[in-house]
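# Topology and contacts: notes
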Amino acid sequence: MSGQSLLVPGKLSPTRQVPASIPRPEYVGKPGPAPYTGPEVQDADTVERMRVASRIAAQAMEEAAKAVAPGVTTDELDRIAHEFMIGHGAYPSDLGYRGFPKSLCTSLNEVICHGIPDSTVLRDGDIVNLDVTAYIHGVHGDCNATYFVGDVDEESRLLVERTRESLARAIKTVRPGRQINVIGRVIESYAKRFGYGVVRDFTGHGINTSFHSGLIIPHYDDPRATTVMQPGMTFTIEPMLTLGTHEYDVWDDGWTVVTKDRKRTAQFEHTLVVTADGAEILTLP
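Below, the structure is looked at part by part. Quick caveat: nothing in here was measured; it's all calculated off a predicted structure.

### Digging into the packing of helix α1 (residues 44-65) against helix α2 (residues 74-87)
Contact geometry of α1 with α2 gives a least axis separation of 8 Å together with a crossing angle of 145°. For the element pair α1 and α2, the recorded crossing hand is right-handed. Contacts from Ile56, Gln59, Ala60, Glu63 and Ala64 in α1 reach Leu77, Ile80, Ala81, Phe84 and Met85 in α2. The residue inventory of the contact of α1 with α2, partitioned by class, reads eight nonpolar, one polar and one charged.

### Things to note about the environment of Pro25
By the secondary structure assignment, Pro25 is in the segment before α1. Along the sequence, Pro25 and Gly138 sit 113 residues apart, while their C-alpha atoms lie 7.4 Å from each other. In this structure, Pro25 is in contact with Tyr91, Tyr135 and His140, ignoring residues within four places of it in sequence.

### Some thoughts on the pattern of salt bridges
Inspection of the entire model under this criterion finds 19 salt bridges. Notably, a salt bridge pairs Lys66 with Glu63, separated by 2.8 Å at the nearest N-O pair. Judged by its relative accessible area of 28%, Glu63 is partly exposed. Between Asp75 and Lys102 there is a salt bridge, with the nearest N and O atoms lying 3.6 Å from each other. Here Asp75, found in helix α2, pairs with Lys102, found in the loop between β1 (91-92) and β2 (105-108); they are 27 residues apart in sequence, far enough to count as distant. Like Asp75, the residue Lys102 is buried in the burial classification. Where salt bridges share partners, they join Arg16, Asp75, Asp78 and Lys102 into one cluster.

### Some remarks on the state of the cysteines
Taken as a whole and assessed by the stated rule, the structure comprises zero disulfides. Cys113 provides the cysteine sulfur closest to Cys105, a residue in no disulfide bond, and the two sulfurs are 7.7 Å apart. In this structure Cys105 comes out as buried when scored by relative accessible area, which is 7%. Looking at Cys143, it has no disulfide partner, and the nearest cysteine sulfur is the one in Cys105, 12 Å off. Residue class for Cys143 comes out buried when judged on its relative accessible area of 1%.

### Considering α1
Between its terminal C-alpha atoms α1 stretches 31 Å, which fits the 32 Å expected from 22 residues at 1.5 Å a residue. The complete set of buried residues in α1 reads Thr46, Val47, Met50, Ala53, Ser54, Ile56, Ala57, Ala58, Ala60, Met61, Ala64 and Ala65. On the buried face of α1, the contacting elements are α2, β4 (127-136), β5 (139-148), β9 (234-237) and β14 (270-274).

### Structural notes on the sheet that holds strand β6 (residues 197-198)
Spatial ordering of the open sheet is given by β6-β10-β13, a layout of three strands whose pairing is antiparallel. A single partner strand is all that each edge strand has here, and the edge strands are β6 and β13 (265-267). Looking at chain direction, β6 and strand β10 (residues 240-242) are connected through two bridges and run antiparallel. Looking at β10, one finds that Gly197 is bridged to Thr242.

### As for the packing of aromatic side chains
Scanning the entire structure with this criterion turns up seven aromatic pairs. Summarising the aromatic geometry, the rings of Tyr190 and Phe194 are spaced 5.1 Å apart at their centres and angled 75° between planes, so their arrangement reads as edge-to-face. Taken together, the ring pairs connect Tyr27, Tyr97 and Phe211 into an aromatic cluster. Directly above the ring of Phe148 sits Arg157, whose terminal nitrogen or CZ lies 4.3 Å from the centroid. In this structure, Arg200 packs its charged tip against the face of Tyr220, placed 3.8 Å from the ring centre.

Procedures and definitions
Residues numbered from 1 in each chain as written. Predicted model: local features only at pLDDT ≥ 70, side-chain atom pairs only at ≥ 80, totals over all residues. Heavy atoms only, no water. Axes fitted to C-alpha atoms, helices over the stretch in contact; angles between N-to-C directions. Helix = DSSP H or I, 4+ residues; strand = E, 2+ residues; numbered from the N terminus. Left-handed = near helix turned anticlockwise from the far one by under 90°. Contact = heavy atoms within 4.5 Å. Nonpolar A, V, L, I, M, F, W, Y, C, P; charged D, E, K, R; others polar. Salt bridge = Lys/Arg side-chain N within 4 Å of Asp/Glu carboxyl O. Buried < 20%, exposed > 50% of the residue type's maximum accessible area, 1.4 Å probe, protein only. Disulfide = S-S within 2.5 Å. Expected span 1.5 Å × (residues − 1). Pairing = 2+ DSSP bridges. Phe/Tyr/Trp six-rings, centres within 6.5 Å; stacked < 30°, edge-to-face > 60°. Lys NZ or Arg CZ within 6 Å of the ring centre and 35° of its normal.

It is worth stressing that arrangement in space is one thing and function is another; only the former is reported here.
Listed below in structure tokens is the structure:
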């Protein structure tokens with residue numbers, strides 16, 4: 001693995017503004033979101049609106065990813081995604097969610113998830129995950145992917161490629177009548193072939209008018225995940241695989257989650273809707 005030094009927090013830029021004309025999620029300006037009490041199965045109109053939100057999120061992530069290169073700050077990636085979303089009439093769902101200060105998450109190297117964009121400069125050999133969620137027409141769309149920064153070592157490259165493959169395999173398991181735990185079973189069994197850790201405490205989730213509906217999608221074989229998939233259910237699958245332990249620490253900022261052994265980690269995510277015979281990926285650009 002790369003011998004680069006471990007990450008340290010950088011400096012935050014001022015909060016980016018969103019035009020008043022763009023509707024906010026209900027949680028903005030509050031300590032947290034209101035509990036979701038609606039259904040996990042969505043009607044056709046909600047799914048269609050989610051297609052729009054999901055597409056904007058995927059396109060914003062794609063635009064930010066074009067700038068991934070040595071010497072670029074994670075704050076610059078945040079600016080690009082932020083401006084893309086507001087330019088398309090969407091609110092960046094991360095901004096103000098439980099006080100999160102930025103418009104996407106940028107998680108480098110040993111950061112599992114929830115990295116805060118700041119003055120940190122991308123280095124040749126890094127890997128960086130961009131996690132983008134857009135809110136428009138009253139619904140959210142959520143996606144993420146891990147990208148190479150310059151020339152990445154083979155161990156990190158394989159981790160990223162195999163994490164992407166674990167998501168693809170998991171999506172193929174989605175089908176009405178199956179229990180949610182089939183998703184994690186497939187991810188974990190694939191990851192174990194390579195000795196990777198599978199993060200357990202951060203999961204996929206139901207998503208619709210709520211950013212996180214309460215439905216949990218584990219990425220390991222959890223016998224408690226017995227919810228049966230039904231057509232119209234909308235949720236994310238977002239496996240996080242590590243080169244070492246699945247255990248973690250959280251920085252003092254209360255957000256940045258790093259592997260306890262500080263080994264590298266990768267993640268990929270799509271928002272899906274269960275169809276009559278499988279799944280439709282909503283977060284395609």
